[in-house]
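Residue-level structure breakdown
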Amino acid sequence: MLVLTRRVGEKLVIGNEIVVEVLSISGDGVRLGIAAPRETSVHRFEVFDEIQAANRASSAFAGGKSGSSLAEVAARMREKKAEECQ
Amino acid sequence: MPTLRIQGNEIPYEEKDIITFPEGLVGLPHLTRMVAVKEATIEPFIWFAAVSEDDDVAFVVAEAHSIFPHYEPKLPPDSNMNGLLAENEVPVVLAIVLIDADWQKSTANLRAPLFISAKTMRGAQVVLNDNSFSVAEPLPLAATAA
């Protein structure tokens, strides 16, 4: 991992386009400003990690293991909808 | 006609059915070309399969609003959907579903839904700012199956 020291108001560049600026420091919190191309998503790591894990768990299903569970859940979803329409 | 493999079945699709995700899905950047496949036995779910030479990846998704009528996600102003929608277009919003081996524990990801333009056939998985939306929202299921 590259480690560098920056002061408030200083910036760094990632690739050719992403600019990160240290806006302020307060206690153990650091406020960052990030300028990135619109097609580049920026996320807090915890959120990214949680969604990445959810995506991977959901795609693993496609291998086809719990096929009976899928049909069961689908049937109960349809039934629930039918109940609500009554 | 090209085909996709979903749970061992060969499903034909057409080039025009492909939805392009320019940045892939979160943590899965290689999934840039996806096809939605409807199948009566899994309705209201829809298969959402990757067009990929290497592996057979498919998700189970659902049209989010039809399952959660009060779910109205707002696109963040600087979201990765910018530029993918046609003018004044209302996007299709799909939630990725996680089918648990214990079916009662199955959930939908409402925090990071898939926004899709039916006009441009492009889409993005958008991480919503509103953290009251759950990554694992329990599905509304009937106690008994019909």
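Each value, and the rule that gives it
- Residues numbered from 1 in each chain as written.
- Chains lettered and ligands numbered in written order.
- Predicted model: local features only at pLDDT ≥ 70, side-chain atom pairs only at ≥ 80, totals over all residues.
- Heavy atoms only, no water.
- Helix = DSSP H or I, 4+ residues; strand = E, 2+ residues; numbered from the N terminus.
- Contact = heavy atoms within 4.5 Å.
- Pairing = 2+ DSSP bridges.
- Axes fitted to C-alpha atoms, helices over the stretch in contact; angles between N-to-C directions.
- Salt bridge = Lys/Arg side-chain N within 4 Å of Asp/Glu carboxyl O.
- Buried < 20%, exposed > 50% of the residue type's maximum accessible area, 1.4 Å probe, protein only.

**Let's talk about the environment of Ala-142 of chain B**
Topologically, Ala-142 of chain B is positioned in the segment after strand E10 (137-138). Among all residues touching Ala-142 of chain B, those that are not within four sequence positions of it are Arg-76, Glu-79, Lys-80 and Glu-83 of chain A.

**Side note on the sheet that holds strand E2 (residues 18-26) of chain A**
Residue and element names in this part refer to chain A. Within the open sheet, the 3 strands sit side by side as E1-E2-E3. Their pairing is antiparallel. Of all the strands in the sheet, the pair left with one neighbour each is strand E1 (11-14) and strand E3 (29-35). Ignoring which end each strand starts from, the neighbouring axes of this sheet average 30 degrees apart. With 4 bridges connecting them, E1 and E2 associate as antiparallel partners.

**Brief notes about the pattern of salt bridges**
Across all of its chains, the model carries 6 salt bridges over all chains by this definition. For the salt bridge of Arg-76 of chain A with Glu-72 of chain A, the shortest nitrogen-to-oxygen distance reads 2.6 Å. Pair noted here: Arg-76 of chain A and Glu-72 of chain A are both in helix H2 (residues 67-85), with a separation of 4 residues, about one helical turn. Its relative accessible area of 26% is what places Glu-72 of chain A among the partly exposed residues. Lys-16 of chain B serves as the salt-bridge partner of Asp-17 of chain B, at 3.5 Å between the closest nitrogen and oxygen. On the basis of relative accessibility, which here comes to 26%, the residue Asp-17 of chain B falls in the partly exposed class. For Lys-16 of chain B, a relative accessible area of 59% puts it in the exposed group.

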